[in-house]
Amino acid sequence: MRIGELSERTDTPRRLLRYYEEQGLIVADRTPNGYRAYDESNVDRVVQIRGLLDAGLPTRIIKQILPCLDKPRVIHFPDATPEMLATLENERDRMTERIRFLTRNRDAVAEYLDAVRERMATGSVAAG
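Computed from a predicted model, the values in this text were never measured in an experiment.

Caption draft 1: The packing of aromatic side chains, seen in detail. A complete count under the given rule lists 1 aromatic pair for this structure. Between the aromatic rings of Y19 and Y20, the centroid separation amounts to 6.5 Å while the plane-to-plane angle is 55°, which identifies the pairing as tilted. For Y19, a relative accessible area of 34% gives the class partly exposed. Among the residues examined, Y20 registers a relative accessible area of 1% and is labelled buried. Over the ring of Y35 we find R2; its NZ or CZ atom is 4.0 Å from the centre of that ring.

This is the structure:
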């Protein structure tokens, strides 16, 4: 697929896709006329990258952990420094805390919805 389709399917600007390619996060083949050609696996890869970026990970770390998301897994350890491991541990802990917070909020919203629906079903809520 061409960059426009990948952009549309992942809701990611083309410029950002080119940046991901420059950073070595995604790979595009080149057609004879020079256009980028992406395979289907890049759709999931871009979604993963965006999620990791949203979680606060820098691209240099994302590049190192992306192989862990592939199957078969090919993990390269030469760049694993104590600082990088500490950064990943901190990011993992931060994500875990964020998940707890989001789960608590989701459960509160679900509880509210259940209560409102129950009242509506029994006719206790006035129409607005």
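Next, the rest of the story.
Caption draft 2: Geometry of a nonpolar patch on the surface. Together, V109, Y112 and L113 give the surface a local cluster of nonpolar side chains, amounting to about 310 Å² of exposed area. Position of Y112 among the secondary structure elements: in helix α5 (residues 82–122).

Caption draft 3: Just the nonpolar core, in detail. Judged by nonpolar contacts, the single largest core of 19 residues is most densely connected at L6, L17, Y20, I26, Y38, I49 and I62. Among the elements of the structure, α1 (3–10), α2 (14–22), α3 (41–54) and α4 (59–65) are those that each provide at least two residues to this core. Apart from the residues within four sequence positions on either side, L6 is in contact with M1, L17, Y38, N42, V43 and V46.

Caption draft 4: Examining α3 more closely. Helix length check: α3, at 14 residues, gives a terminal C-alpha distance of 20 Å against a target of 20 Å (1.5 Å per residue), a fit within 8%. Here α3 has its buried residues at N42, V43, R45, V46, I49 and L52. Buried residues belonging to α3 abut α1, α2 and α4. Downstream of α3 by a residue or two, G56 has a phi angle that is positive, lying close to 100°.

Thresholds, definitions, all that
Residues numbered from 1 in each chain as written. Predicted model: local features only at pLDDT ≥ 70, side-chain atom pairs only at ≥ 80, totals over all residues. Heavy atoms only, no water. Phe/Tyr/Trp six-rings, centres within 6.5 Å; stacked < 30°, edge-to-face > 60°. Buried < 20%, exposed > 50% of the residue type's maximum accessible area, 1.4 Å probe, protein only. Lys NZ or Arg CZ within 6 Å of the ring centre and 35° of its normal. Patch = residues over 30% accessible without salt bridge, like charges linked within 9 Å, V, L, I, M, F, W, Y side chains within 5 Å. Areas by Shrake-Rupley, 256 points an atom, 1.4 Å probe, with all protein chains shown as cover. Salt bridge = Lys/Arg side-chain N within 4 Å of Asp/Glu carboxyl O. Helix = DSSP H or I, 4+ residues; strand = E, 2+ residues; numbered from the N terminus. Core = buried A, V, L, I, M, F, W, Y, C linked by side-chain atoms within 4.5 Å. Contact = heavy atoms within 4.5 Å. Expected span 1.5 Å × (residues − 1).

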